[in-house]
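The lines below spell out each chain.
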Amino acid sequence: MIEHHVRVHPSADRLAREDQLAWKLAAVATNTEELDADSVAMAVNRVIDNASVAVASLLRRPVAVARAQATAHGAAAPGSSVFGSRVKVSPEWAAWANGTAVRELDFHDTYLAADYSHPGDNIPPLLAVAQHTGRTGADLLRGIVAAYEIHVALVKGICLHAHRVDHVAHLSAATACGLGALLRLPTETVYQAVQQAVHTTTATRQSRKGEISSWKAYAPAFAGKAAIEAVDRAMRGETSPSPIYEGEDGLVAWMLDGPEADYTVLLPEPGEPRRAILDTYTKEHSAEYQAQAIIDLARRLREKTGPLERVRSVVLHTSHHTHHVIGSGANDPQKYDPTASRETLDHSVPYIFAVALQDGTWHHERSYSPERARRPETVELWRKITTVEDPEWTRRYHDPDPDRRAFGGRAVITLDDGSVIEDELAVADAHPAGARPFDRDAYAGKFRTLAEAIVTPADQDRFLDRAADLARLTAPGLDGLFPAVDTEAIAAYDASLPKGLF
């Protein structure tokens, strides 16, 4: 790996393009050729994973709204597919609709380091452009592997969260790079697109704070749409704000660590295998990733606690990030509000631990239903649960060794007689270092579970066969990555919603 130092430079320095982070990212993308076999296999897994959560969300309002907006923007052939519709649309609008469907349930892959991310959010815009431009499955895989490589490098090297900047700023750069690899664009073109994409998608983190709204699902889709539009403009010869990272009025100087900042971004050397996708991990449960191990821990503790009305208090000792983002350290009253939105509840680890402890399971819909959240015994237990930051868990969260990195915590349950029950879990069962690491069969099983009653068994088989053969698909074969569903029922639901401008 090559260390690239990102520092602020006055405009008078005229920092050479080749020394700018945006150029370095573009160069990695445009030099992605021979692909690592394990990386390709994992990319196929993530295509399956995305389709799983997309089909499960088709009748959720934010997804339906995004789909209605997209299908109002039909495209001349070939166009791009939309989950839940037979209409083909312009690729940026397909990225919008499909990105929202993939993100809505907070149930696909994750990578956590200096910042956090859902690298699977890169796939919808890449797939949309691959369809519209007649590219092959091999082209799509090259784009996916490159996008993951860039996304992981940025998340490792540059923390956005510390400055309350939403993580989609890294996503848009990665997607622009993935599109460059997919289309085999010149480095200069991708460089311009990266800067345009970052400039237009740098937003505050309020979308994941307080009363969390449906924009949490839309934000990554917006970044993917913006990246496609940036690439289109760059291909037409348009330039961008430059240097977007190092400039004296750029991202680092005014929105991140400031003029004295010095970030280190590790990027692969020419010819070095692109394997960053293997460092990422998916979710077995529909909740914020830091809650994955906590759900598994609660299920394990359920057998030890006895009647839960005897619980006096529960303290979860965990990392800084978990405590301050989804724990009581966020100081968000909404995290203890039984009338809160689903988006807020899946960012409340006290709620998640309470329900998992009571039910011994987790469901992407039932665990968040208003009836479930308002159950009196749940509310009573929920409000007894707090989090604290433990420096050791924070250190483990940031451990550079992926085999030692931990995203879980330790639960201390005090009963009404003063006795204490304790247990801890470092990583989720489905994590690569967990008790049951996800493999191809697990991804297929997740798809079948979420597609039940939505996709027929025969069409489930057809989709899984097509995905497994992705590296050999011709351009028309990419249509098979959209499982067949009852589009008439979906259209009827869409028609029941209020109309907008389009």
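Shown above is the structure to which this text applies.
Residues numbered from 1 in each chain as written. Predicted model: local features only at pLDDT ≥ 70, side-chain atom pairs only at ≥ 80, totals over all residues. Heavy atoms only, no water.

Peer 1: Could you clarify how one ought to interpret the overall build of the chain in this entry?
Peer 2: Across its full length, the chain holds 20 helices and eight strands. On C-alpha atoms alone, the chain measures out to a radius of gyration of 22 Å, which is about the 23 Å that the 2.2 N^0.38 rule sets for 502 residues. Taken over the C-alpha atoms alone, the chain extends approximately 70 × 55 × 45 Å along its principal axes. Counting only residues that meet the buried cut, the chain has 60% of its 502 residues in that class. Total accessible area on the chain stands at roughly 19,200 Å², and carbon and sulfur atoms take up 51% of it. Here the chain contributes 53 positively and 69 negatively charged side chains, and the mean placements of these two sets differ by 3 Å. (Helix = DSSP H or I, 4+ residues; strand = E, 2+ residues; numbered from the N terminus. Rg over C-alpha atoms; globule rule 2.2 N^0.38 Å. Buried < 20%, exposed > 50% of the residue type's maximum accessible area, 1.4 Å probe, protein only. Areas by Shrake-Rupley, 256 points an atom, 1.4 Å probe, with all protein chains shown as cover. Lys, Arg positive; Asp, Glu negative; His and termini not counted. Charge placed at Lys NZ, Arg CZ, Asp CG, Glu CD.)

Peer 1: Just checking my understanding: could you explain the sheet that holds strand E8 (residues 420–425) for this structure?
Peer 2: Neighbouring strands of a sheet are bound in pairs by backbone hydrogen bonds; such pairs are parallel or else antiparallel. Read across the open sheet, the four strands follow the order E6-E5-E7-E8; overall the sheet is mixed. Single-partner strands in this sheet number two, and they are strand E6 (385–389) and E8. Neighbour-to-neighbour, the strand axes of the sheet open up by a mean angle of 20°, direction not taken into account. Of the pairings in the sheet, the one linking strand E5 (residues 311–318) to strand E7 (residues 409–415) comprises seven bridges and is antiparallel in character. (Pairing = 2+ DSSP bridges. Axes fitted to C-alpha atoms, helices over the stretch in contact; angles between N-to-C directions.)

Peer 1: Whenever I open this one, helix H5 (residues 123–132) confuses me. Can you help?
Peer 2: Each α-helix winds once per 3.6 residues, and so residues spaced three or four apart point in a common direction. For H5, the buried fraction is high: nine of the 10 residues fall into the buried class. Taken together, the buried positions of H5 are Ile123, Pro124, Pro125, Leu126, Leu127, Ala128, Val129, Ala130 and Gln131. Looking at the buried positions of H5, the neighbouring elements they touch are helix H2 (37–56), helix H4 (91–103), helix H6 (137–157), helix H7 (168–183) and helix H9 (215–235). Two residues or fewer past H5, Gly134 is found with a positive phi of approximately 70°. (Contact = heavy atoms within 4.5 Å.)

Peer 1: How should the nonpolar core be read in this particular structure?
Peer 2: Soluble globular proteins: nonpolar side chains tend toward being buried together. One finds Leu25, Leu140, Ile144, Val194, Tyr245, Leu470 and Leu481 to be the most contacted residues of the largest nonpolar core, which totals 93 residues. Top contributing element to this core by residue count: H2, with 11 residues. Non-local contacts of Tyr245, meaning those with residues more than four positions away in its chain, are made with Val6, Leu21, Ala22, Leu25, Leu154, Ala173, Val198, Leu251 and Val252. In this structure, Val155, Ile295, Val325 and Tyr397 belong to the second largest nonpolar core, which totals 49 residues. (Core = buried A, V, L, I, M, F, W, Y, C linked by side-chain atoms within 4.5 Å.)

Peer 1: Got a minute to help me understand the packing of aromatic side chains in this structure?
Peer 2: How two aromatic rings sit relative to each other is set out by the distance from centre to centre and by the angle between their planes. Scanning the model with the defined rule gives 16 aromatic pairs in all. On the basis of an interplanar angle of 85° and a centroid distance of 5.2 Å, the ring pair of Tyr397 and Phe407 is categorised as edge-to-face. Placement of Tyr397 in helix H17 (residues 391–397) and of Phe407 in the loop between H17 and E7 is noted, with a sequence separation of 10 residues between them. We classify Phe407 as buried; its relative accessible area is 3%. Cluster of aromatic residues (ring-pair linked, three or more members): Tyr111, Tyr281, Tyr289, Tyr397 and Phe407. Here the guanidinium or amino end of Arg396 rests over the ring plane of Trp393, the centre of that ring lying 4.6 Å away. Sitting above the plane of the Phe107 ring, Lys446 keeps its charged end 4.3 Å from the centroid. (Phe/Tyr/Trp six-rings, centres within 6.5 Å; stacked < 30°, edge-to-face > 60°. Lys NZ or Arg CZ within 6 Å of the ring centre and 35° of its normal.)

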